[in-house]
Each structure stands twice: as structure tokens, then as C-alpha cells.
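Structural characterization, general
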Amino acid sequence: MPVYEYMCAEHGAFEAVRPMAQYATPCDCPDCGLSAPRVMLSVPRLATLDTGLRRAHATNERSADSPISTRSHGPGCGCCGGKHKARPGRTLHRADGSKSFPSSRPWMISH
């Protein structure tokens, strides 16, 4: 149940735990018994979780419908422990030591 704040005319502010259905009805002062109206003196306490736990809940909510992949490379990369076969390079090496890039721009000269 939520905690509501009330203001007694004689004894000042006090808090009471009441059901949400009774949020608008006045509450009797615990000291004098007079009816006191509800007031809002402080900010509602909505974020009561610590920061780490709130972040963990947010991460779980995000990953529930769209999980983030831990793989940074596509299939066929050769750097991930040798599980996949590496793709051949695009450089063509000739017997005389020259190189060319047949799949690149044909007007570029290799150096």
C-alpha cells in the first residue's frame, strides 16, 4: 500500500499507509483525532531500485525481443579461432612479384 501525506491544522504534517481506493478521503490525525486533508509535500518515491538493478532490468527488457549478437564478424571470417575457413584475398599475386586487384577498379595501378 502507498504512503500518503496529510496535514493536521494543529499538529502539522503526518504520513499514513492507506489503500489506493482511499487516496482522496481525509485521514484522522494520530495525535488529536481530527480529520486532516491529504497534501503533497514531497516527491513521490517511484525509483526505489538501485541503479545497477534498474540497468539490469532494462537490459533484460531490451534483450527479450531483440537480442544483441555477440559475434562481431560475419560467417567465414578467419580470425575467430580458425573455426571457419578464411575467404581468399582479392589480391592476385603473379610469379614475377607484381600484384593486381582484378575485382577493384581496373584503372588503378598497384604500387
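Up top is the structure these notes are about.
To start, this report covers the structure provided alongside it. (Residues numbered from 1 in each chain as written. Predicted model: local features only at pLDDT ≥ 70, side-chain atom pairs only at ≥ 80, totals over all residues. Heavy atoms only, no water.)

Below, the discussion takes up the packing of aromatic side chains. In this structure the tally under the stated criterion is one aromatic pair. Here the aromatic rings of Tyr-6 and Phe-14 are separated by 5.7 Å at their centres, their planes lie at 25 degrees, and the arrangement is stacked. For Phe-14, a relative accessible area of 12% corresponds to the buried category. (Phe/Tyr/Trp six-rings, centres within 6.5 Å; stacked < 30°, edge-to-face > 60°. Buried < 20%, exposed > 50% of the residue type's maximum accessible area, 1.4 Å probe, protein only.)

Take the side chain of Arg-18 next. Tracing the backbone through its elements, the reader meets Arg-18 in the loop between β2 (12–17) and β3 (27–28). Within the buried set, Arg-18 has no salt-bridge partner at all; the shortest N-O distance to an opposite charge, 7.6 Å, is to Asp-28. A polar contact of 3.2 Å, which involves the side chain of Arg-18, links it to the backbone oxygen of Thr-25. Aside from chain neighbours lying at most four places away, what touches Arg-18 is Met-1, Pro-2, Tyr-4, Tyr-6, Thr-25, Pro-26 and Cys-27. (Helix = DSSP H or I, 4+ residues; strand = E, 2+ residues; numbered from the N terminus. Lys, Arg positive; Asp, Glu negative; His and termini not counted. Salt bridge = Lys/Arg side-chain N within 4 Å of Asp/Glu carboxyl O. Polar contact = N/O pair within 3.5 Å; in protein donor to acceptor, adjacent residues only side chain to side chain. Contact = heavy atoms within 4.5 Å.)

A few words now on the side chain of Glu-5. Tracing the backbone shows Glu-5 in strand β1 (residues 3–8). The class for Glu-5 is buried, based on a relative accessible area of 13%. Looking at Glu-5, its side chain comes within polar contact range of the side chain of Ser-42, at 2.8 Å. Not counting residues up to four positions away in its chain, the partners in contact with Glu-5 are Phe-14, Glu-15, Pro-37, Arg-38, Val-39, Met-40, Leu-41 and Ser-42.

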